[in-house]
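Coordinates in review
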Amino acid sequence: MNVQRSVGATRYVGQRTARKEDGRLLVGRGQFTDDVRLPGMLHVTYVRSAVARGRIVSIDTEAAREMPGVHAIYTQADLAALPVQMLSFFFAPIEAPVTLLADGRVACVGEPVAMVIAESRAQAEDAASLVEVTIEEEAPLVTIADARTGPLVHPGRDDNVAAEMGDEDALDAIQPLIDGAAHVVTQTVHHQRIAQSPMECRACVASPDGTGEMTVWMGCQSPHLAARYLSLALGLPAESIRVIAKDVGGGFGLKNIPWREEVAVVVAARLFGRPLKWIEDRFEALTASSHAREQEATLTAGFDAEGRLTAGWCDYACNNGAWPMGEDANIAVHMFMWPAYKLPAYGFITRGWYTNTMGLGAYRGPWAMETLLRETLLDKAARRLGISPVEIRRRNLVYLSDQPHTSTLGVEVNDITPGECLEKLVANVDIAGFRKEQKEARRQGRYLGLGFAAYIEPTGAAGTMAPMTGETAQLRIEPTGKVTAMLSTHSQGHGTATTMAQVIAEQLGVLYEDVSVFEGDSAIGAFGPGAAGSRQGVIAGGATWRASQLLAEKVKVVAAHLSNAGPDAVTISGGMVHVEGAPEMSRSLKEIAEIAYGEPGRLPEGMASGLEAQFRYQPPPVTMTSAAHCCMVEVDAETGFVKILRWISSEDCGTVINPGVVEGQIAGGLAQAIGQVLLEEMPYDARGNPLAATFKDYLMPAISDVPDFEYIHANTPAQTIGGMRGVGEGGAIIGPPTLVNAIADALSPFCEIEELTLPLTPARILDVIEQRDVSGTRDRANRDEAARARDEMAEAPPLASEVSAQGPQASIDGDWNMTLKAPMGGQSFLAHFEADGAELSGYLSAPDGRQDFSGGTFENGRMQFMVKVDNPMKVTLKYDLQAGADTITGKCKMGMFGTAKVTAVRV
Amino acid sequence: MSEHRIELTVNGRPHSARVEARMSLGEFLREELGYTGTHLACEHGVCGACTVSVDGVAMRSCLMLAVQADGADVGTVEGLAAADGTLHPVQQALRDNFGLQCGFCTPGIAITLTTVLTDNPRASEAEMEAAMSGHVCRCTGYQGIRRAIRQLAGHGAGEAA
Ligand code: FES
Ligand code: FES
């Protein structure tokens, strides 16, 4: 273990300290949302659409209203009394016209159509089953392929592209490089749809407390973020909403933000004026909670004769469903595909597509596809070139000695260690021994495989996106001498109360048992987005680390003053304060605290009474985590079953506060990875019905599916306070390619897995072994292809009608307030235009600078011009706008960052 | 709706109540008696989170009706620790080995392992692991649960300090 130690203090950081949370969770005294009951509380159930797409003809609630215990039945018409703007995780408005309940049309099965409020959940469910929703059904778009050619999912939009980034034209420059390569390797991945499936389904209790206040208990990943989201979505003052989430049974990205059902409960509670509770059931959780992953992507890479990467191109698409929790083309896949590898040229096109399926939500490592595509492609290439998977990585990885290194997309890395992790892994695993065993086994008709993968992960992001901020730690030593911490953290199993208490105990010099951590309440601490993007250990850890040091400094100054010594002579350990060379002056923290609170006259001149400290940590914008994993499998050639024999993780997550917690995070992610590769899938039928409606259909990994993981901690402290790097998502990112590569290695005597379709069910593995379509995957694809061709001939897709302004051209000279609506949030600035005939010039001015432009054109009201930007990255913005008398609308193409909508009004 | 009167003990305490025939034992324990330590995670008998002991046998309380527990001796997670707060060896083993993260699946797992060990205090690792196959945990990857089982089987000590 290579853990950064501070000098002289009792060792807590780096210890497998037993968790604080377990004290209540093990005895059944946790407080999950369903454990909350309030006087006068009623229960909510949703009536959901059984149809994937169509117009709502009628909603008949009459029979349901007559049922015992029913208090109200709401439809969107009722909830609309309180206007709501649904937002993405980035607090940007959702572009699809999403309402809390369906508004005139339904766009996916499971969409909430009406809400029943009754005295018990059972009564609400009884009544819900009697609400009659008549829908004029239309043929749904289910797959990404459907979305490309089918009618519009959201009438009124230009097309079914929910989000787009990258530049198709860039292929012109990349293609010759690929064509000229000694070897060209292509990897196509069809990634199945995943149901995140935290064990606690979504849940919300909303209590309207008078005219201006509201208390909400919610299964979320950050009460602070949930409160801020609700206040923005509902347009209420932030201080009027308090969100409490003491215990949450897993989140994994699904509970990043409140979604339609939770927000509807809050709105309905305000309208109805009584506390309401909604507890999702598993059927809803599987079929009507946001889903994740479903992606189709092809990565092509060129290699020189020695196996060094020369160029890469990726075409990526993901299914956004009808109502994504933020339209997403997953730019992160491309940003983080290559910074750890020396690849001279890379380009991509990436799109998110609307379909009539449940919307896209986040799931542990939402950009994980980059590691899966790249690492499986590298193994394919190694087999093609006849070199080992370790060797191909050695020739291409960015080692510490190669850094700082800037990727072709401009991501700079200066302390990543995927190569070093790989070397440590190789040094600890007997590869030669395994290869011998593998050869031997093959002779006996047993197929063993060894797979490797390496990756880096941006963790602890802060300061570049609206919700990704720093974290605050507020500490105080109570008059009792015990420590209370008020933190912005949130645990859905992360054990933040434990790890933060370890940091405090060590940095402050107190006993772990004497530290109480309060979190999980938006009234505690300050804003922080909680568990999102592997960040709490990094940022809250750093905040707690420094706040503890600040508090220790105050104690030392007080003790020094009381003992007539210098603060440097004071040490704190085990809750005792010692003065060097004067053992008789030792006092307990309690004594010092009693003086600090009760006898402020004895404190140094001008010092505030009490013993409190607060620190808000703003870390570097991102902190990189690296890892290399390998696993060994046996594939049964008769049945196609995969048995995982060993799995070894070599990871660099900086300072490890608690190895038990860190390994728990890695293991949880790896188990999910195993589920993703071998078991889990949320399929849809052609009518848009989600088919895995129970845990009998949606196969969650069980204890027998998961091996014992082995860990090599190869840690180098980060450049953050405390040196922690994030570790929450890594297992779920590096796990899938590690396992796929091991299976592919085992299958190599038979054939290459040409296209990777997940999950690799036994039938799909037999496809490779027997070289025929055992699973029916190819047959289905062919049938879909044929059906699409028929559809296309039958009806041409409606095209977006070009809006063209006619009539006399109005003058645009002068100042305009312009707004750019980009996928990761809006931006407003002042635009100044001057038209000289058809020539357009001017400038755009924001608080952080002004960009002038000239050489634009202005014809028939159409304004076209380009602006070059250097910050945060070099990109040329291409504006194409249409001017009216007092408004301008149009688009701005932002290079690989896609297209933003632009509106402007006259100043 | 038909209501029935039932009498049962939960963790050794007697309770009597009128319950609807269709109410599950899990819902009854949580909603009527306040034993919210029992968690409902799938309500269709697959995940094991709702497991309680009924006359010493591990049962899925989402699949059993409250009326079926009339006269039974029910055990929930709240009843595992000793009166002085000392954790049951199963709870202690889970704690010693990071056997839980969010803790939502944990009460059912603790009850199942307890019933296995009550039936056979010398239950083997394999027997306990087989009993675990009826439980789903989304957080831990089962690593700490498996280590806890080893500790309970007398192999290996817990790793938490
Ligand atoms: S809740 Fe009973 S088995 Fe899942
Ligand atoms: S600890 Fe979260 S589901 Fe098991």
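Given the structure is predicted, the values throughout are model-derived calculations rather than measurements. (Residues numbered from 1 in each chain as written. Chains lettered and ligands numbered in written order. Predicted model: local features only at pLDDT ≥ 70, side-chain atom pairs only at ≥ 80, totals over all residues. Heavy atoms only, no water.)

Some thoughts on the domain arrangement of chain A
Segmenting chain A into domains produces domain 1 (22–28 + 463–617), domain 2 (33–138 + 201–248 + 255–288), domain 3 (295–460 + 622–777) and domain 4 (804–906). Taking only C-alpha atoms into account, the centre of domain 2 of chain A sits 39 Å from that of domain 4 of chain A. (Domains from an automatic or database assignment.)

Describing the packing of helix α15 (residues 496–508) of chain A against helix α16 (residues 536–563) of chain A
All names here are of chain A. Their axes nearest at 8 Å, the elements α15 and α16 cross at an angle of 30°. Classified by the angle their axes make, α15 and α16 are roughly parallel. Every pair of crossing elements has a handedness; the one defined by α15 and α16 is right-handed. On α16, the residues that touch T496, M500, V503, I504, Q507 and L508 of α15 are Q536, G537, A540, G541, T544, W545, S548, Q549, L551 and A552. Of the residues that constitute the contact of α15 with α16, the class distribution is eight nonpolar, eight polar and no charged. (Axes fitted to C-alpha atoms, helices over the stretch in contact; angles between N-to-C directions. Helix = DSSP H or I, 4+ residues; strand = E, 2+ residues; numbered from the N terminus. Parallel < 35°, antiparallel > 145°, perpendicular 65-115°, else oblique. Left-handed = near helix turned anticlockwise from the far one by under 90°. Contact = heavy atoms within 4.5 Å. Nonpolar A, V, L, I, M, F, W, Y, C, P; charged D, E, K, R; others polar.)

Regarding the pattern of salt bridges
Residues and elements named next belong to chain A. For the structure on display, the rule yields 59 salt bridges over all chains. In this structure, D34 and K277 form a salt bridge, with 3.0 Å as the shortest nitrogen-oxygen distance. Here K277 lies in strand β12 (residues 276–279) and D34 lies in the loop between α1 (22–25) and β1 (42–48), a separation of 243 residues in the sequence. Accessibility expressed as a relative area gives 2% for K277, which makes it buried. In this structure, R725 and D415 form a salt bridge, with 3.0 Å as the shortest nitrogen-oxygen distance. You can see R725 sitting in the loop between β28 (709–713) and α19 (730–747) and its partner D415 sitting in the loop between β17 (412–413) and α13 (418–428), a full 310 residues away along the chain. Of the two residues, R725 and D415, neither departs from the other in class, the shared state being buried. Several salt bridges converge on common partners, so that one network encompasses R48, R202, E261, E262, E280 and E284. (Salt bridge = Lys/Arg side-chain N within 4 Å of Asp/Glu carboxyl O. Buried < 20%, exposed > 50% of the residue type's maximum accessible area, 1.4 Å probe, protein only.)

Points about helix α18 (residues 659–679) of chain A
Helical geometry note: an α-helix holds 3.6 residues per turn, so side chains three or four residues apart project in the same direction. Residues and elements named next belong to chain A. Taking 1.5 Å of rise per residue, 21 residues should cover 30 Å, and α18 covers 29 Å from first to last C-alpha, within 8% of that figure. Counting buried positions along α18 yields 20 of 21 residues, so the element is predominantly enclosed. For α18, the side-chain oxygen to backbone nitrogen distance between the N-cap and G660 is 2.9 Å, and the N-cap itself is N658. (Expected span 1.5 Å × (residues − 1). Polar contact = N/O pair within 3.5 Å; in protein donor to acceptor, adjacent residues only side chain to side chain.)

Observations concerning the environment of E478 of chain A
All names here are of chain A. Following the sequence through the fold, E478 ends up in the loop between β19 (471–477) and β20 (483–487). Taking the C-alpha atoms as reference, E478 lies 50 Å from V429; in sequence the two are 49 residues apart. Excluding residues within four positions of it along the chain, E478 makes contact with T484, A593 and Y597.

Notes on the domain arrangement of chain B
Residue and element names in this part refer to chain B. You can read the domains of chain B as domain 1 (3–79) and domain 2 (89–152). Distance from the C-alpha centre of domain 1 to the C-alpha centre of domain 2: 21 Å. Facing 18 residues of domain 1, the contacting portion of domain 2 comprises 12 residues. Between domain 1 and domain 2 the total buried area reaches about 1100 Å² when both faces are included, carbon and sulfur atoms providing 61% of it. On the domain 1 side of the interface with domain 2, the three residues burying the most area are H39, T51 and V77, jointly 39% of the side's total. Taken together, the connections running from domain 1 to domain 2 amount to zero salt bridges. The interface formed by domain 1 and domain 2 contains five residue pairs in polar contact (both at pLDDT 80 or more). Taken together, the elements giving at least two residues each to the side of domain 1 that touches domain 2 come down to β3 (51–54) and β4 (57–60). Residues that form the side of domain 1 that touches domain 2 fall into these classes: nine nonpolar, eight polar and one charged. (Buried area = accessible area lost by both parts, 1.4 Å probe.)

Here we look at the interface of chain A and chain B
With 58 residues of chain A in contact, the opposing surface of chain B contributes 43 residues. Of all residues in chain A, L26, M199 and I703 of chain A bury the most surface against chain B, accounting for 21% of the area lost on that side. At the boundary of chain A with chain B, the tally comes to eight salt bridges. The tally of links from chain A across to chain B stands at 24 residue pairs in polar contact (both at pLDDT 80 or more). At the level of secondary structure, the elements contributing two or more residues to the side of chain A that touches chain B comprise α1, α4 (121–128), α18 and β28 of chain A.

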